[in-house]
Each structure stands twice: as C-alpha cells, then as structure tokens.
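Survey of secondary and tertiary structure
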Amino acid sequence: MKSHKLQVRRLVRERRKLERYIPSDFCSNFALSITDDDSRTVKEAVDSEDGKLWKEAMVDEMTSLHKNEAWDLVELSSGRKPIGSKWVFKKKTNAEGKVEKYKARLVAKGNS
C-alpha cells in the first residue's frame, strides 16, 4: 500500500485593500468624538441634573416596546440563560447644539 502525502496548496496572489477601506483626503480630516456627555449607565442618567428627563425617555421607550409588541414574556426553559439588556442614552441636538430630545433605548446584549 502506498502512502500519499497531502500537500496544501496556497494561492499566490497580491492582497490589496479595497479602495473603500483606504482613507481618502476627505475622511482623514475628521475624527470621531467620544467625549460627549451622554450618560453611560442608568444610575448616571437618573442621578444627573436631567434625571427626570431621562426617566421620561425610559418610560417612553418601554411604552413603545409594549405598544409594538416587541417581545413576549415567557417562562425560561431549564438550562437556558436569559439574554441581558442595556440602556443606551443619547441627547438629540439641533443645528445650534441645543438639546431637543432625550433618547433612551433598551438594547439586547448578545444574541439567542
């Protein structure tokens, strides 16, 4: 019986980044600002001077989720873990930078 040695063939080609991933002169003039003052946690939001407005935003979000029947409350099957959730807070501003709306979103962490 002959033994056959398998050999892995690799393509030899030049790898190039797609043009859309190469920063252009236009894109390089901008940077993402992460120094905004939006709350990161529920405690931060509720304890802030705008706490009442953040609470209203959270109630509005829960009302919207309930109205749109976004989920069904069911018993968790044995051996299963629930999906976590997180509140995301964002102040919506107009062109002059004045806060027009406090937006709270309840988002799922992970997937099922």
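Everything that follows concerns the structure shown earlier in this document.
Worth saying up front: this structure is predicted, and the values here are computed from it rather than measured.

Examining the nonpolar core
Core analysis: the largest hydrophobic core is formed by eight residues, namely Ala-45, Trp-54, Ala-57, Met-58, Trp-87, Phe-89, Tyr-102 and Ala-104. Secondary structure elements with two or more residues in this core: helix H2 (51-67), strand E1 (84-93) and strand E2 (99-109). For this core, the element with the most residues is H2, which contributes three residues. Each residue touching Phe-89, except ones within four places of it in the same chain, is listed here: Asp-38, Ser-39, Thr-41, Val-42, Ala-45, Trp-54, Met-58, Lys-103 and Ala-104.

A word on the pattern of salt bridges
Close approach of charged atoms lets side chains of opposite charge pair. Tallied over the entire structure, the rule returns four salt bridges. Here Asp-38 and Lys-90 are joined by a salt bridge, their closest N and O atoms 3.4 Å apart. Taken together, the residues Asp-38 in the segment before helix H1 (42-47) and Lys-90 in strand E1 connect sequence positions 52 residues apart. Of the charged contacts in the structure, one is a salt bridge between Arg-105 and Glu-61, with a shortest N-O distance of 2.4 Å. Of this pair, Arg-105 sits in strand E2 while Glu-61 is found in helix H2, placing the two residues 44 residues apart along the sequence.

Considerations on a nonpolar patch on the surface
Residues Met-62, Trp-71 and Leu-73 make up a contiguous nonpolar surface patch of roughly 370 Å² in combined accessible area. Inspection of the secondary structure puts Trp-71 in the loop between H2 and E1. Look at Trp-71 and you get partly exposed, because its relative accessible area is 47%.

What counts and how
Residues numbered from 1 in each chain as written. Predicted model: local features only at pLDDT ≥ 70, side-chain atom pairs only at ≥ 80, totals over all residues. Heavy atoms only, no water. Core = buried A, V, L, I, M, F, W, Y, C linked by side-chain atoms within 4.5 Å. Buried < 20%, exposed > 50% of the residue type's maximum accessible area, 1.4 Å probe, protein only. Helix = DSSP H or I, 4+ residues; strand = E, 2+ residues; numbered from the N terminus. Contact = heavy atoms within 4.5 Å. Salt bridge = Lys/Arg side-chain N within 4 Å of Asp/Glu carboxyl O. Patch = residues over 30% accessible without salt bridge, like charges linked within 9 Å, V, L, I, M, F, W, Y side chains within 5 Å. Areas by Shrake-Rupley, 256 points an atom, 1.4 Å probe, with all protein chains shown as cover.

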